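Architecture and fold: a report
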There are 6 protein chains.
Amino acid sequence: MWTYEKKLQYPVKIKRPNPALAKFIISQYGGPHGEIGASLRYLSQRTSMPNRQVAGILNDIGTEELSHLEMVQTIVHQLTKGMTIEQIKEAGMEAYFVDHTAGVFPQFASGMPFTAATFSVSGDAIADLQEDLAAEQKARLTYDNILRLADDPDVIDPIRFLRAREIVHFQRFGEGLRIIQDELDKKNFYAINPSFD
Amino acid sequence: MWTYEKKLQYPVKIKRPNPALAKFIISQYGGPHGEIGASLRYLSQRTSMPNRQVAGILNDIGTEELSHLEMVQTIVHQLTKGMTIEQIKEAGMEAYFVDHTAGVFPQFASGMPFTAATFSVSGDAIADLQEDLAAEQKARLTYDNILRLADDPDVIDPIRFLRAREIVHFQRFGEGLRIIQDELDKKNFYAINPSFD
Amino acid sequence: MWTYEKKLQYPVKIKRPNPALAKFIISQYGGPHGEIGASLRYLSQRTSMPNRQVAGILNDIGTEELSHLEMVQTIVHQLTKGMTIEQIKEAGMEAYFVDHTAGVFPQFASGMPFTAATFSVSGDAIADLQEDLAAEQKARLTYDNILRLADDPDVIDPIRFLRAREIVHFQRFGEGLRIIQDELDKKNFYAINPSFD
Amino acid sequence: MWTYEKKLQYPVKIKRPNPALAKFIISQYGGPHGEIGASLRYLSQRTSMPNRQVAGILNDIGTEELSHLEMVQTIVHQLTKGMTIEQIKEAGMEAYFVDHTAGVFPQFASGMPFTAATFSVSGDAIADLQEDLAAEQKARLTYDNILRLADDPDVIDPIRFLRAREIVHFQRFGEGLRIIQDELDKKNFYAINPSFD
Amino acid sequence: MWTYEKKLQYPVKIKRPNPALAKFIISQYGGPHGEIGASLRYLSQRTSMPNRQVAGILNDIGTEELSHLEMVQTIVHQLTKGMTIEQIKEAGMEAYFVDHTAGVFPQFASGMPFTAATFSVSGDAIADLQEDLAAEQKARLTYDNILRLADDPDVIDPIRFLRAREIVHFQRFGEGLRIIQDELDKKNFYAINPSFD
Amino acid sequence: MWTYEKKLQYPVKIKRPNPALAKFIISQYGGPHGEIGASLRYLSQRTSMPNRQVAGILNDIGTEELSHLEMVQTIVHQLTKGMTIEQIKEAGMEAYFVDHTAGVFPQFASGMPFTAATFSVSGDAIADLQEDLAAEQKARLTYDNILRLADDPDVIDPIRFLRAREIVHFQRFGEGLRIIQDELDKKNFYAINPSFD
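Computed from a prediction, not measured in an experiment: that's the story for all the values here.

Scanning chain A from N- to C-terminus turns up 8 helices and 1 strand. Ordered by position from the N terminus, the helices and strands of chain A form the series β-α-α-α-α-α-α-α-α. By principal-axis analysis of the C-alpha atoms, chain A measures approximately 65 × 35 × 30 Å. When each of the 197 residues of chain A is scored for burial, the buried share is 73%. Per element, the accessible surface of chain A, about 6,100 Å² overall, is 51% carbon and sulfur.

Our focus in this paragraph is the packing of helix α7 (residues 125-149) of chain B against helix α7 (residues 125-149) of chain C. At a minimum axis distance of 8 Å, the contact between α7(B) and α7(C) shows a crossing angle of 160°. Here α7(B) is positioned roughly antiparallel relative to α7(C), judged by the angle of their axes. The element α7(B) and its partner α7(C) pack so that their crossing is left-handed. Facing I126(B), A127(B), Q130(B), E131(B), L133(B), A134(B), Q137(B), K138(B), R140(B) and L141(B) of α7(B), the residues of α7(C) in contact are I126(C), A127(C), Q130(C), E131(C), L133(C), A134(C), Q137(C), K138(C), R140(C) and L141(C). The residue inventory of the contact of α7(B) with α7(C), partitioned by class, reads 10 nonpolar, 4 polar and 6 charged.

To continue, consider the relation of the copies chain B and chain A. Take chain B, turn it by 180°, move it 0.0 Å along the axis, and it overlays chain A with an RMSD of 0.0 Å. When the rotation and shift are considered jointly, the pair of chain copies conforms to a two-fold rotation axis. Among all residues of chain B, the one whose C-alpha sits closest to the rotation axis is T115(B), at a distance of 2.2 Å.

Of all the 11 residues making up helix α3 (residues 35-45) of chain A, 11 are buried; the element is thus mostly covered by neighbouring parts of the structure. All of the buried residues in α3(A) are E35(A), I36(A), G37(A), A38(A), S39(A), L40(A), R41(A), Y42(A), L43(A), S44(A) and Q45(A).

Throughout the structure, instances matching the rule amount to 27 aromatic pairs over all chains. An angle of 15° between the planes, with centres 4.4 Å apart, marks the rings of Y10(B) and F161(B) as stacked. Here F161(B) lies in helix α8 (residues 153-183) and Y10(B) lies in the loop between β1 (2-4) and α1 (19-25), a separation of 151 residues in the sequence. Measuring from centroid to centroid gives 4.8 Å for Y42(C) and F173(C), while their planes differ by 50°, and the two rings are tilted. Placement of the pair is Y42(C) in helix α3 (residues 35-45) and F173(C) in helix α8 (residues 153-183), with a sequence separation of 131 residues.

Right, let's get into the confidence of the model for chain A. Averaged over every residue, the pLDDT of chain A is 94; residues scoring 70 or more account for 93%. For this predicted complex, the interface score ipTM comes out at 0.94, alongside a pTM of 0.96.

Our focus in this paragraph is the nonpolar core. By size, the foremost hydrophobic cluster in this structure holds 266 residues, and its most contacted members are I25(A), I25(B), I25(C), I25(D), I25(E) and I25(F). In this structure, I25(E) is in contact with V72(E), I75(E), V76(E), L79(E), I146(E) and V155(E), ignoring residues within four places of it in sequence. Counting 19 residues, the second-largest nonpolar core is a separate cluster that includes A38(F), A55(F), I126(F) and L129(F).

Contacts between the two partners involve 30 residues from chain C and, on the opposite side, 29 residues from chain B. Summing the contributions of chain C and of chain B, the shared interface buries around 2,400 Å²; its carbon and sulfur component is 55%. Where chain C meets chain B, there are 4 salt bridges. Of the charged contacts in the structure, one is a salt bridge between R140(C) and D124(B), with a shortest N-O distance of 3.0 Å. At the junction of chain C with chain B, the criterion picks out 6 residue pairs in polar contact (both at pLDDT 80 or more). No other element matches the 13 residues that α7(C) contributes to the side of chain C that touches chain B.

Attention now moves to the relation of the copies chain C and chain B. With an axial shift of 0.0 Å and an RMSD of 0.0 Å, the rotation relating chain C to chain B amounts to 180°. Both copies present the same face, since 97% of the interface residues in chain C are matched by interface residues at the equivalent positions in chain B.

On to the arrangement of the chains. Nothing in chain B touches chain E, and the closest approach of their C-alpha atoms is 13 Å. With no contact between them, chain C and chain F keep their nearest C-alpha atoms 13 Å apart.

Each partner contributes to the interface: chain B provides 50 residues, whereas chain A provides 51 residues. There are 2 salt bridges connecting chain B and chain A. Between R46(A) and E70(B) there is a salt bridge whose closest N-O contact spans 3.4 Å. Taken together, chain B and chain A are joined by 27 residue pairs in polar contact (both at pLDDT 80 or more). Those elements that provide at least two residues to the side of chain B that touches chain A are β1, α3 (35-45), α4 (52-80), α5 (85-90) and α6 (94-100) of chain B. Here the side of chain B that touches chain A takes 7 residues from α4(B), the largest share from any one element. Residues belonging to the side of chain B that touches chain A are distributed by class as follows: 24 nonpolar, 21 polar and 5 charged.

Looking now at the packing of helix α3 (residues 35-45) of chain E against helix α4 (residues 52-80) of chain E. Residues and elements named next belong to chain E. In the contact formed by α3 and α4, the axes pass within 8 Å of each other and the chain directions differ by 160°. By the angle between their directions, the pair α3 and α4 is classed as roughly antiparallel. Crossing hand, α3 versus α4: left-handed. When α3 is examined against α4, the residues E35, I36, A38, S39, Y42, L43 and Q45 are found in contact with a partner set consisting of L58, N59, I61, G62, T63, E65, L66, H68, L69 and V72. In terms of residue class, the contact of α3 with α4 is built from 9 nonpolar, 6 polar and 2 charged.

Taking 1.5 Å as the rise per residue, helix α7 (residues 125-149) of chain A with 25 residues should run 36 Å; its terminal C-alpha atoms sit 36 Å apart, in good agreement. Counting buried residues along α7(A), 25 of its 25 residues qualify, which places the element largely inside the surrounding structure.

Here the focus is the pattern of salt bridges. Applying the stated rule across the entire model yields 60 salt bridges over all chains. The salt bridge partner of R41(C) is E131(C), with a shortest N-O separation of 2.9 Å. Linking R41(C) in helix α3 with E131(C) in helix α7, this pair joins segments that are 90 residues apart in sequence. Both residues of the pair, R41(C) and E131(C), belong to the buried class. With a closest N to O distance of 2.6 Å, R165(D) and E64(D) form a salt bridge. Here R165(D), found in helix α8 (residues 153-183), pairs with E64(D), found in helix α4 (residues 52-80); they are 101 residues apart in sequence, far enough to count as distant.

So, about the environment of T101(E). If you trace the backbone, T101(E) turns up in the loop between α6 (94-100) and α7 (125-149). When the C-alpha atoms of T101(E) and E183(E) are compared, they prove to be 52 Å apart, with 82 residues separating the residues in sequence. Here the side chain of T101(E) touches N145(A) through a polar contact of 2.9 Å, side chain to side chain.

A separate point is the side chain of T63(A). Structurally, T63(A) is set in helix α4 (residues 52-80). With near-sequence residues (within four places) excluded, T63(A) lies in contact with W2(A), L43(A), W2(B), T3(B) and Y4(B).

It is worth spelling out the side chain of N51(D) at this point. All names here are of chain D. With respect to the helices, strands and loops of the structure, N51 is situated in the loop between α3 (35-45) and α4. What makes N51 buried here is its relative accessible area of 8%. Within polar-contact distance, the side chain of N51 engages the backbone nitrogen of Q53 at 2.8 Å. Here the side chain of N51 touches V54 through a polar contact of 3.0 Å, landing on its backbone nitrogen. Those residues in contact with N51 that lie beyond four places of it in its chain are I179, I180 and E183.

To continue, consider the environment of H100(C). Counting through the fold element by element, H100(C) comes out in helix α6 (residues 94-100). The class for H100(C) is buried, based on a relative accessible area of 7%. Sequence spacing of H100(C) and L177(C) is 77 residues, and the spatial spacing of their C-alpha atoms is 41 Å. With sequence-adjacent residues up to four places away left out, H100(C) is seen in contact with F105(C), Q107(C), V121(D), S122(D) and G123(D).

Analysis parameters
Residues numbered from 1 in each chain as written. Chains lettered and ligands numbered in written order. Predicted model: local features only at pLDDT ≥ 70, side-chain atom pairs only at ≥ 80, totals over all residues. Heavy atoms only, no water. Helix = DSSP H or I, 4+ residues; strand = E, 2+ residues; numbered from the N terminus. Buried < 20%, exposed > 50% of the residue type's maximum accessible area, 1.4 Å probe, protein only. Areas by Shrake-Rupley, 256 points an atom, 1.4 Å probe, with all protein chains shown as cover. Axes fitted to C-alpha atoms, helices over the stretch in contact; angles between N-to-C directions. Parallel < 35°, antiparallel > 145°, perpendicular 65-115°, else oblique. Left-handed = near helix turned anticlockwise from the far one by under 90°. Contact = heavy atoms within 4.5 Å. Nonpolar A, V, L, I, M, F, W, Y, C, P; charged D, E, K, R; others polar. Least-squares fit on C-alpha atoms with pLDDT ≥ 70 in both. Phe/Tyr/Trp six-rings, centres within 6.5 Å; stacked < 30°, edge-to-face > 60°. pLDDT = per-residue confidence, 0-100. Core = buried A, V, L, I, M, F, W, Y, C linked by side-chain atoms within 4.5 Å. Buried area = accessible area lost by both parts, 1.4 Å probe. Salt bridge = Lys/Arg side-chain N within 4 Å of Asp/Glu carboxyl O. Polar contact = N/O pair within 3.5 Å; in protein donor to acceptor, adjacent residues only side chain to side chain. Expected span 1.5 Å × (residues − 1).

Structure below.
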């Protein structure tokens with residue numbers, strides 16, 4: 001179970017509403033490489049992970065991603081709070097506003113609602129960890145692109161923090177994969193399946 | 001941010017694998033009325049909720065639903081762990097097994113991956129709270145139906161706990177709605193919009 | 001069965017094409033809180049509603065929503081009819097135009113095709129009516145937001161009519177819920193299920 | 001606008017619950033070739049149809065499909081009303097039951113919620129009418145398959161009626177296409193676009 | 001099986017990046033009437049087509065559509081290659097860029113990922129061929145609309161080629177339908193079903 | 001462009017219809033780890049891949065996956081061709097049959113139509129290659145599970161071939177990743193972006 005502590009993992013203090021930035025940063029909330037998908041991916045995979053040490057890595061990172069989705073949510077909220085109708089029109093944000101006002105809905109930047117079709121829980125230790133390595137690179141790339149597009153230092157700072165964490169996660173999943181591979185019987189190299197083999 | 005405590009909110013101790021039960025209980029993990037949707041709904045809505053007391057209710061319940069999704073995950077995991085190929089075939093679970101083995105993937109019982117299209121974040125205090133009241137009734141109904149279909153007391157016990165919690169949440173959201181309505185200016189009864197009006 | 005009468009429930013007479021308005025008003029045609037979803041929700045729920053008086057309310061409102069989807073369709077059509085390529089480009093409507101020209105397709109404002117994942121038919125009288133109360137508030141909120149964004153009085157007038165009807169529907173569903181609750185045996189308060197209990 | 005008349009276009013009187021039949025007949029409610037899609041397709045296409053006579057055909061058939069979706073809904077309802085938990089289990093209908101009880105939800109037989117991605121509104125007279133001819137053949141084929149699978153004469157009778165109507169609609173859309181083609185300027189044969197050319 | 005030949009079916013040589021054009025042309029890659037859907041539709045339908053000559057038409061055109069999706073991909077790539085952040089912002093392409101950078105992802109112009117819900121494989125010769133006739137008209141219409149919106153002759157030229165091919169395909173599917181109808185037993189006119197009747 | 005050669009990459013000769021097997025093998029046609037997704041993923045990624053040697057690997061493997069989707073299609077076709085209504089009912093395949101008869105539709109085993117949301121084209125060389133490594137492991141895992149469930153040697157033989165090819169692809173993508181990493185400037189380790197950096 002989880003308990004909530006009323007602070008962000010890393011501070012977010014944005015001074016100026018900027019819905020044009022919020023429009024694409026929301027992709028890291030509910031988009032194809034976003035923090036909701038990351039968290040659900042790892043927290044879903046942990047139960048069938050046969051090695052308990054690696055299951056612990058999944059649980060730790062899945063829990064940290066919950067704190068990251070809160071940070072992205074806060075960035076989007078601070079960028080859209082108090083925005084005016086004129087700012088919405090200038091930012092071309094009417095499509096979002098009409099259904100969500102200034103709420104933070106988990107969606108792709110394009111408006112597609114978050115879908116779990118964007119990730120896999122295969123029940124296979126190697127396939128799941130390769131999926132996780134890829135997920136961290138895709139999240140890293142999305143933060144790269146946000147940094148290319150953003151110009152407000154109040155936004156850039158927490159995005160840099162989030163990007164740095166993805167790289168750490170990538171390395172931890174790499175270690176997890178090594179742990180699994182060291183355990184494998186040679187003949188069973190690819191066929192590992194915790195519940196059946 | 002959230003921290004993880006290594007225990008379930010309520011114990012789940014299922015002794016016999018039963019994939020036939022797992023096949024439909026998974027709906028309360030990633031289905032249209034499930035715990036993932038509940039948690040994301042409330043945690044997403046809280047940032048734009050203008051009344052801080054009601055935002056606190058959303059945060060509390062959204063956090064508790066995280067613990068519920070862990071319980072449902074555990075139920076599904078214990079029902080499928082160690083199942084044999086024969087049990088999979090008897091349960092008609094091949095479609096699930098082929099992609100997920102004995103992993104726990106967030107999906108509808110039918111196999112549709114979880115989608116955030118199943119809920120709303122409207123950015124409007126009254127619309128969001130009415131959505132939440134409905135969500136709790138729909139979750140309650142789904143647990144009713146699980147109880148109608150399940151016959152293993154080890155499953156029935158935690159499902160009854162989860163069902164009871166939905167009823168408590170329903171009442172807390174009812175109080176939240178009363179708080180919002182008491183604050184409303186008469187003329188603004190329906191038009192409340194935290195960031196714009 | 002239904003018969004068509006060649007008039008709108010309330011007149012729509014828009015003089016100037018304005019694709020920029022059409023782009024987001026279409027959300028009330030096929031979007032998450034739109035009239036297609038409303039109509040299908042109520043017309044689908046009516047068959048399993050155990051109380052015939054409440055089933056009648058669902059049928060009446062579901063039928064009226066058919067007339068509303070026709071009104072929203074007409075608004076979108078009049079706003080896009082005869083628009084020029086220049087107007088499309090100015091309005092940023094190329095993504096819609098390329099697939100639908102000036103046709104009226106049931107979609108979210110973002111371009112996501114209408115999906116029934118946006119509503120529930122639970123087969124439970126209380127859960128369905130709470131869903132309906134929420135639906136009316138979400139539709140009301142979407143009309144609020146359209147009114148915040150629109151500036152053409154020819155558009156504002158029928159939108160105000162539609163918004164007013166949602167508030168009436170909200171009250172009628174409230175009465176429906178009271179009828180169901182008055183019928184309930186105390187012990188069965190939450191477990192009502194028309195076909196099984 | 002539409003008005004409701006409390007009778008079915010063709011009577012449905014099924015005496016025995018049979019959820020195994022309901023499970024796949026529901027495809028003609030909300031599935032890829034179903035009556036909801038048919039109705040929304042034609043009623044959406046009519047506004048941009050340049051020829052008023054053909055727009056009238058779309059409106060007539062779109063309205064009749066509303067009555068067909070009511071018939072399919074009634075078939076599913078009568079096949080599932082009063083079914084027992086044992087009948088649900090025998091029919092393998094748990095996945096549906098857990099979320100919808102004995103309600104009638106617009107979905108594919110597989111459980112995918114109805115999606116408007118299954119049809120097109122192209123804003124082009126010829127493309128739309130070809131889409132409609134295809135739609136009628138696909139609905140006809142689905143009724144063929146239902147007839148291959150069903151053995152209850154109370155079900156077969158209204159399905160035969162619905163199938164016969166699709167064939168009539170196919171012919172009427174064929175006439176509609178001829179009307180459009182007769183109107184076309186030779187050079188404009190494929191490029192017809194009601195609002196732009 | 002297929003073998004790749006390193007040339008395009010028709011040359012694409014675009015000199016100036018223009019992401020504003022790429023944004024909607026991508027619909028013919030992964031959109032509702034696009035080349036990926038066309039290719040998968042025909043290549044999927046061919047196995048159950050009872051007449052081998054018509055199956056050959058499906059295979060030929062399905063294979064040609066593979067070459068068309070490569071052409072559309074190349075158009076989008078050349079329009080976005082080397083674009084600057086300023087050009088992305090001017091074109092309003094941030095939502096695409098954040099997840100895909102300058103990669104070519106199969107999606108609707110609106111950002112909805114390609115879905116096979118946009119086409120049918122009915123296993124019925126007549127229904128499939130009517131679907132294919134409609135598909136060619138819808139693709140033709142989408143190219144019409146691209147031509148209405150595009151102003152770069154380097155883009156217009158290959159789009160005209162692609163549009164011309166759709167018209168040829170339409171005629172070949174018309175011949176295919178005639179072949180099937182000539183084979184039909186009168187009484188079986190609509191009920192043809194290769195594996196069952 | 002591609003040309004078709006009328007033979008399979010590896011022979012498929014199944015003697016007995018067995019729709020129960022077809023029901024889940026179809027996941028490797030249009031499911032989350034299937035051959036359609038694999039082919040579209042690699043063929044989409046190749047245009048933005050900066051290193052031409054690695055782009056060649058993507059093109060080769062993407063082309064080979066086209067031949068694999070043809071093999072899976074053939075397996076499903078041979079398993080369902082000539083099946084009787086009784087066999088359909090025994091296999092619980094009514095939901096598929098009603099919409100697709102014995103046609104081969106690209107879908108998940110559960111019935112969800114293929115969706116490109118299951119893969120990424122990130123426009124980033126490292127993120128794309130990690131995605132591809134994961135994709136090969138997930139495909140390998142799905143073939144593992146098919147082998148666990150299947151008992152017909154005529155099916156097992158080509159599935160083993162397909163599984164072996166995924167392992168070869170995994171290794172080639174590993175080499176591709178090494179090529180990219182060798183090219184990287186140290187400081188740019190994670191930020192590679194072909195069009196912008």
